[in-house]
Amino acid sequence: MKLYALPGSASLASHIALEVVRDSVPPELPPISIILLGREENMGAAYRAINPFGTVPALQLEDGTVITESLAVLLWIADRFPGTGLAARPGNIERDRVHTLLSSMVTSAHNAFQMYRRTERYVDEPRGQEAAKRLALNRLAELLAYFAGQVRESGLLVGEQVTVADIMLFVVARWGMSLPHGTQNYPKLWDFTQRMAILPATVRAMETEGISMDVPADGLG
Ligand SMILES: N[C@@H](CCC(=O)N[C@@H](CS)C(=O)NCC(=O)O)C(=O)O
């Protein structure tokens, strides 16, 4: 299978999840390739033939099927490789917690980051952009506080094992390091982020993407 990714972006979560799969040594592991796109390459015709929106992640399966959107890709990985424990099984209430948290990260949080970092996509007149950035920052502060409050005694969001919700929160929290009042200001979230950053799967994925835990300059990368 092939994962299409942009370094440090939302697709980092799917990349880390695939590294967790590699570590879990499942009975059959199809070959996994990580295809890192260059800036703007995601908007070119070749990639748009894979995902017409030009966004990452996109996961192409061996039969050619393409799955897009982090929520769908992450849950597909978790369900295809249940031995990883990346999500509780359907019918378990913890599965709904994974859905809820993951969904708020890929909708509310991702959107707020986009509004802050790619403001021109939301407000095309310079006059309104400052206000949009201010409101996006307020929303991000609320969201970071909310996610910090969701980290349980175990140090994770759900149970004793890392789930796809934890992995996505790591990516969001890493972006949050670049905010004026960022991840570092929420002790529970910051501890969580630092612990997730040293998991072997995270370290390998970040090395492959050529990124580190230095404050990301561009917020979404
Ligand atoms: N809701 C989607 C958002 C995907 C998305 O917008 N990804 C960004 C990277 S964080 C992207 O592909 N940006 C490229 C662009 O918009 O040019 C998901 O979580 O997969």
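A. Representation of the pattern of salt bridges in the model. Summed over the entire model, instances satisfying the criterion amount to 8 salt bridges. The partner of Arg204 in a salt bridge is Glu19, and the shortest N-O contact between them spans 2.9 Å. Pair noted here: Arg204 is in helix H8 (residues 200-209) and Glu19 is in helix H1 (residues 11-24), with a separation of 185 residues, a long-range link. The salt bridge partner of Asp23 is Arg204, with a shortest N-O separation of 2.9 Å. Remark: Arg204 occurs in helix H8 and Asp23 occurs in helix H1; sequence separation between them is 181 residues.

B. Local environment of the site of the ligand. Taken together, 13 residues form the shell around the ligand, and within it Thr55, Val56, Glu69, Ser70 and Arg121 come nearest. With respect to the ligand, the backbone of Val56 contributes an N or O atom lying 2.9 Å from an oxygen atom. Between Arg121 and the ligand, the recorded distance is 2.9 Å, taken from a side-chain N or O atom to an oxygen atom. With the chains in place, 86% of the 510 Å² that the ligand exposes on its own is no longer accessible. Broken down by element, the residue count for the shell around the ligand peaks at 3 residues, all from helix H4 (residues 93-117). Taken together, the residues that form the shell around the ligand break down as 5 nonpolar, 6 polar and 2 charged.

C. The packing of H1 against helix H6 (residues 164-176), seen in detail. For the pair H1 and H6, interaxial distance at closest approach is 9 Å and the crossing angle is 140°. On the basis of the axis angle, H1 is oblique to H6. Judged by the twist between their axes, the crossing of H1 over H6 is right-handed. Contacts between H1 and H6 pair Leu12, Ala13, Ile16, Ala17 and Val20 from the former with Ile167, Met168, Phe170 and Val171 from the latter.

D. Broad picture of the pairing of strand S2 (residues 33-36). Sheet topology places strand S1 (residues 2-5) next to S2; 4 bridges connect them, and they run parallel. Each residue of the ladder has a partner; that of Ala5, found in S2, is Leu36. With respect to chirality, the unit in which S1 leads through H1 into the neighbouring parallel S2 is right-handed.

E. Molecular detail of the sheet that holds S1. Ordered in space as S2-S1-S3-S4, the 4 strands form an open sheet in which the pairing is mixed. In the strand order of this sheet, the two ends are held by S2 and strand S4 (66-68), each with one partner. Mean inter-strand twist for the sheet, computed between neighbouring axes without regard to direction, equals 20°.

F. Layout of unusual backbone geometry. Cis geometry is adopted by the peptide bond preceding Pro57, which originates at Val56 and carries an omega value of 10°. Relative to the assigned elements, Pro57 resides in the loop between helix H2 (45-48) and strand S3 (58-60). Its identity is not glycine, yet Glu40 carries a phi of approximately 75°, on the positive side. Look at Glu40 and you get exposed, because its relative accessible area is 60%.

G. Spotlight on the environment of Ile167. Structurally, Ile167 is set in helix H6. Counting along the chain gives 34 residues from Ile167 to Lys133, while the straight-line C-alpha distance between them is 26 Å. Ignoring any residue separated from it by four or fewer positions in sequence, one finds Ile167 in contact with Ala13, Ile16, Ala17, Val20, Leu86, Val162 and Met196.

Calculation notes
- Residue indices follow the written sequence of each chain, beginning from 1 at its first position.
- Under the rules for a predicted model, residues below a pLDDT of 70 receive no local features and side-chain atom pairs below 80 are neither given nor counted, while totals for whole chains, interfaces and linings still include all residues.
- Based on all heavy atoms of the structure, the side-chain values leave hydrogens and waters out of the count.
- Here a salt bridge means any side-chain nitrogen of Lys or Arg lying within 4 Å of a carboxyl oxygen belonging to Asp or Glu.
- What counts as a helix is a DSSP run of H or I of at least four residues, what counts as a strand is a run of E of at least two, and both are numbered from the N terminus.
- Note on definitions. A residue lies near a molecule or strand when any single heavy atom of the residue is within 4 Å of it.
- Any pair of N or O atoms that falls within 3.5 Å is considered a polar contact. Within protein, one atom must be able to donate a hydrogen and the other to accept it, and sequence-neighbouring residues count only if both atoms are side-chain atoms.
- Exposure was quantified through the Shrake-Rupley algorithm and a 1.4 Å probe, taking into account, for residues, occlusion by the shown protein chains and nothing else.
- Under this grouping Gly is polar, as are all residues other than the nonpolar Ala, Val, Leu, Ile, Met, Phe, Trp, Tyr, Cys and Pro and the charged Asp, Glu, Lys and Arg.
- Axis angles are defined between N-to-C directions and span 0 to 180 degrees, where every axis is a line fitted to C-alpha atoms and, for a helix, only to the segment in contact.
- In these notes the angle categories are as follows: under 35 degrees is roughly parallel, over 145 is roughly antiparallel, 65 to 115 is roughly perpendicular, and the rest is oblique.
- Left-handed is the label given to a crossing in which the near helix is rotated counterclockwise from the far helix by less than a right angle, and right-handed is the label when the rotation is clockwise.
- Note on contacts: a residue pair is in contact if any heavy atoms of the two residues lie within 4.5 Å.
- For two strands to pair, DSSP has to find at least two bridges joining them.
- Here is how to tell: hold the view so the strands point away, follow the path from the first strand over the helix to the second, and if it runs clockwise the crossover is right-handed.
- Burial classification: accessible surface area is computed with a 1.4 Å probe over protein chains only, and a residue below 20% of its type maximum counts as buried, one above 50% as exposed, and the rest as partly exposed.

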